[in-house]
Amino acid sequence: MSDYTKVTLDESEIPTQWYNIIPDLPAPPPPPLHPATREPIGPEDLAPLFPMDLILQEVSQESYIDIPGEVLDVYKLWRPTPLYRAHRLEKVLDTPARIFYKYEGVSPAGSHKPNTSIPQAYYNAKAGVKKLTTETGAGQWGSALAFACAQFGLDLEVWQVRSSYDQKPDRQRMMRIWGAEVHPSPSENTEAGRQILALDPNTPGSLGIAISEGVMRAAPDPDAKYALGSVLNHVLLHQTVIGEEALKQMEKVGETPDLLIGCTGGGSNFAGLSFPFLREKLAGKINPTIRCVEPASCPSLTKGEYRYDFGDTIGMTPLVKMHTLGHDFIPDPIHAGGLRYHGMAPLVSHIYELGMLEAVAIHQNECFSAAVKFARSEGIVPAPEPSHALAAAVREAVRCRETGESKTILTALCGHGHFDLSSYEAYLNGDLVDYDYPDAKVADAMSRVPVVD
Ligand SMILES: *Cc1c(COP(=O)(O)O)cnc(C)c1O
């Protein structure tokens, strides 16, 4: 079986259920709290923002949830996605390690995000919603949701973080092709945006601010709802199609991973790949190490505190227990825009606290160096976000070369970098600066995070 490069599945092998890891965990995750009363929220508290089908998935205790036929029909445009053995990268690294990558860049939007934008648009359309609002950092989520809204006849208004809006005009063009209206965030269109602009008219913006704007626009409008591209339980749930397929593909070629690696922004592609493998690990069938990789400039898992915080900057969302850098975190404009969020998914945070995951933070120059090695050997130009996972895979492969150990490594290549070429240019010109997020800034931000006991 050593001569395969690409492991494919038939259309009939697309998973027909999403996997919910919560019932399999040794302890349940702490509940989200109402921002005013600090009591656990109920489904009705989320109803102004999300349709009931998604709220029920958010709090579900069922292990498996059927994927609707209408969603599967759209998934068929690009799923199942290929799993590759990185023979050429292994050769360049001269490593005995066996490196596999699950490639999600074959979706129409070029990343894993349509795995959840499609069901989110579907359930909203089914509930009679006319319009969605959302935030986007690098533009990947905004374009994935624009594509999904075009499939199900919904209008879409997107607030894109100002620094990315300026750096990545092609993502805006894509969102507009699919029919969305795009604003830079902070904007003059919402009270939240106007408040932030009054404090600092030149702010680069942040995902937290853009979330406040999208929520503020949707909440009072009976025809509009809000959609989030990461962090929430139902988003992580939808992404498990990645791991379910990868499990089948590895099995098909008789391979078992010793190490799973994923980049973590809000945690959704990482959870999507790793949760089905974690299920098998909890059942005692396999025993891989599972590693999250985040930017050294936005280290929510490795430097953030595990406590209740808001998901947005203004403090309109429920309080969720997660690893956080503080809800008023304004990231430095590093190039992996999709990883610049102040918090980690509460579910990933909880599983990390249970000791079932590892986390490392890596600087952007090391990530781009790995991405360029990857592009020159495997051909695909990775998005800057999964270059973090690739950098960790390269570290491990080099370790294997030094120790002679042969490990099987599986990583999620969750998107291509065709809209991020200016970041590559900055790297190739030697213009990228490595930056450690200072502990003092974390401590300062914590003083503004509510105290909940
Ligand atoms: C959005 C995005 C990320 C970060 O989000 P996660 O929820 O952590 O997956 C990472 N990679 C790509 C390609 C993205 O589009």
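None of these values were measured; they are calculated from a predicted model.

Focus on the domain arrangement of the chain
Thought 1: Domain assignment breaks the chain into domain 1 (6–14 + 79–110 + 236–446) and domain 2 (31–66 + 116–233).
Thought 2: Relative to domain 2, the C-alpha centre of domain 1 lies at a distance of 23 Å.
Thought 3: Taken together, the contact between domain 1 and domain 2 spans 40 residues of the former and 47 residues of the latter.
Thought 4: When the two sides are added together, the surface that domain 1 and domain 2 hide from each other amounts to roughly 3500 Å², 62% of it contributed by carbon and sulfur.
Thought 5: In terms of surface lost to domain 2, no three residues of domain 1 exceed His-238, Met-316 and Phe-419, which account for 19% of the buried area on that side.
Thought 6: Taken together, the connections running from domain 1 to domain 2 amount to 1 salt bridge.
Thought 7: Of the charged contacts, one joins Asp-420 and Lys-168 as a salt bridge, the two residues approaching to 2.4 Å between their closest N and O atoms.
Thought 8: Inspection of the region where domain 1 meets domain 2 yields 17 residue pairs in polar contact (both at pLDDT 80 or more).
Thought 9: Elements with a minimum of two residues in the side of domain 1 that touches domain 2: α11 (233–252), α12 (268–282), β12 (305–310), β13 (319–324) and α14 (346–353).

Observations concerning the pattern of salt bridges
Thought 1: For the structure on display, the rule yields 26 salt bridges.
Thought 2: Among the salt bridges present, the one from Lys-76 reaches Asp-73, with a minimum N-O distance of 3.5 Å.
Thought 3: The exposure class assigned to Lys-76 is partly exposed, which follows from its relative accessible area of 36%.
Thought 4: Salt-bridge contacts for Arg-173 lead to Asp-170; the nearest nitrogen and oxygen are separated by 2.6 Å. Placement of both Arg-173 and Asp-170 in helix α8 (residues 169–177) is noted, with a separation of 3 residues, approximately one turn of the helix.
Thought 5: Given a relative accessible area of 38%, Asp-170 falls into the partly exposed group.
Thought 6: The structure contains a network of salt bridges with shared partners spanning Arg-291, Glu-358, Glu-396, Arg-399 and Lys-407.

Structural notes on the side chain of Asn-124
Thought 1: Take Asn-124: it is sitting in helix α5 (residues 114–126).
Thought 2: Accessibility expressed as a relative area gives 0% for Asn-124, which makes it buried.
Thought 3: Look past the residues within four positions of Asn-124 in its chain and what remains in contact with it is Pro-51, Leu-54, Val-129, Leu-132, Leu-154 and Lys-225.

Comments concerning the packing of aromatic side chains
Thought 1: This model, assessed by the stated rule, comprises 13 aromatic pairs.
Thought 2: Ring geometry for Phe-50 against Tyr-226: centres 6.3 Å apart, planes inclined by 55 degrees, an arrangement best described as tilted. Of this pair, Phe-50 sits in the loop between α1 (43–46) and α2 (52–58) while Tyr-226 sits in strand β9 (residues 224–226), and the two are 176 residues apart along the sequence.
Thought 3: Overall, the relative accessible area of 8% leaves Phe-50 in the buried class.
Thought 4: For Tyr-226, a relative accessible area of 3% gives the class buried.

Comments concerning the nonpolar core
Thought 1: Ranked by internal contacts, the top residues of the largest apolar core, which has 35 residues, are Phe-275, Phe-277, Val-348, Ile-351 and Leu-410.
Thought 2: Within the residue set of this core, elements represented by two or more residues are α11, α12, β11 (289–295), α14 and β15 (408–413).
Thought 3: Element by element, the count of residues in this core is highest for α12, at 6 residues.
Thought 4: For Leu-410, the contacting residues outside a window of four places in its chain are Leu-83, Phe-100, Tyr-101, Lys-102, Ala-246, Met-250, Pro-257, Leu-259, Leu-260, Ile-261, Leu-273 and Phe-277.

Considerations on the sheet that holds strand β6 (residues 131–136)
Thought 1: Ordered by their spatial adjacency, 4 strands build an open sheet running β8-β7-β6-β9, and the pairing between neighbours is parallel. The open sheet has two free edges, formed respectively by β8 (181–185) and β9, since each of these has just one partner strand. Taken pair by pair, the neighbouring strands of this sheet meet at an average axis angle of 20 degrees, ignoring direction.
Thought 2: As judged from the 6 bridges shared by β6 and strand β7 (residues 155–161), these two strands associate in the parallel manner.

What to know about the environment of Ile-211
Thought 1: Inspection of the secondary structure assignment puts Ile-211 in helix α10 (residues 207–218).
Thought 2: The contact partners of Ile-211, leaving out residues within four places of it in the chain, are Glu-135, Tyr-226, Leu-228, Gly-311, Asp-312, Thr-317 and Tyr-341.

A look at the site of the ligand
Thought 1: Lining the immediate environment of the ligand, one finds 17 residues, of which Lys-113, Ser-230, Gly-265, Ser-268 and Asn-269 sit closest.
Thought 2: Within the side chain of Ser-268, an N or O atom sits 2.7 Å from an oxygen atom of the ligand.
Thought 3: Along the lines of polarity and charge, the residues of the shell around the ligand split into 3 nonpolar, 12 polar and 2 charged.

Considering the pairing of strand β5 (residues 98–103)
Thought 1: Of all the 6 residues making up β5, 5 are buried; the element is thus mostly covered by neighbouring parts of the structure.
Thought 2: By the bridge criterion, 3 bridges tie strand β4 (residues 83–85) to β5 in an arrangement that is antiparallel. Of the residues in β5, the one forming a bridge with Tyr-84 is Tyr-101.

Here's the deal with the environment of Ser-117
Thought 1: In this fold, Ser-117 is placed in helix α5.
Thought 2: Once the C-alpha coordinates of Ser-117 and Ala-148 are considered, the two residues, 31 residues apart in sequence, prove to be 5.7 Å apart.
Thought 3: Leaving out residues up to four positions away in the same chain, Ser-117 has contacts with Trp-141, Ala-144, Leu-145 and Ala-148.

So, unusual backbone geometry
Trans peptide bonds make up most of the peptide bonds, and negative phi angles are found at most residues other than glycine.
Thought 1: Cis geometry marks the peptide bond from Arg-79 to Pro-80, where omega comes out at -5 degrees.
Thought 2: Locating Pro-80 in the fold gives a position in the loop between α3 (69–75) and β4.
Thought 3: Although it is not a glycine, Arg-38 adopts a positive phi angle of roughly 65 degrees.
Thought 4: Given the relative accessible area of 35%, Arg-38 is considered partly exposed.
Thought 5: Of note in the backbone geometry, Val-231 takes a positive phi value of approximately 70 degrees without being a glycine.
Thought 6: The residue Val-231 is located in the loop between β9 and α11 in this model.
Thought 7: The buried category is assigned to Val-231, whose relative accessible area is 8%.

About the criteria used
- Residues numbered from 1 in each chain as written.
- Predicted model: local features only at pLDDT ≥ 70, side-chain atom pairs only at ≥ 80, totals over all residues.
- Heavy atoms only, no water.
- Domains from an automatic or database assignment.
- Contact = heavy atoms within 4.5 Å.
- Buried area = accessible area lost by both parts, 1.4 Å probe.
- Salt bridge = Lys/Arg side-chain N within 4 Å of Asp/Glu carboxyl O.
- Polar contact = N/O pair within 3.5 Å; in protein donor to acceptor, adjacent residues only side chain to side chain.
- Helix = DSSP H or I, 4+ residues; strand = E, 2+ residues; numbered from the N terminus.
- Buried < 20%, exposed > 50% of the residue type's maximum accessible area, 1.4 Å probe, protein only.
- Phe/Tyr/Trp six-rings, centres within 6.5 Å; stacked < 30°, edge-to-face > 60°.
- Core = buried A, V, L, I, M, F, W, Y, C linked by side-chain atoms within 4.5 Å.
- Pairing = 2+ DSSP bridges.
- Axes fitted to C-alpha atoms, helices over the stretch in contact; angles between N-to-C directions.
- Near = heavy atom within 4 Å.
- Nonpolar A, V, L, I, M, F, W, Y, C, P; charged D, E, K, R; others polar.

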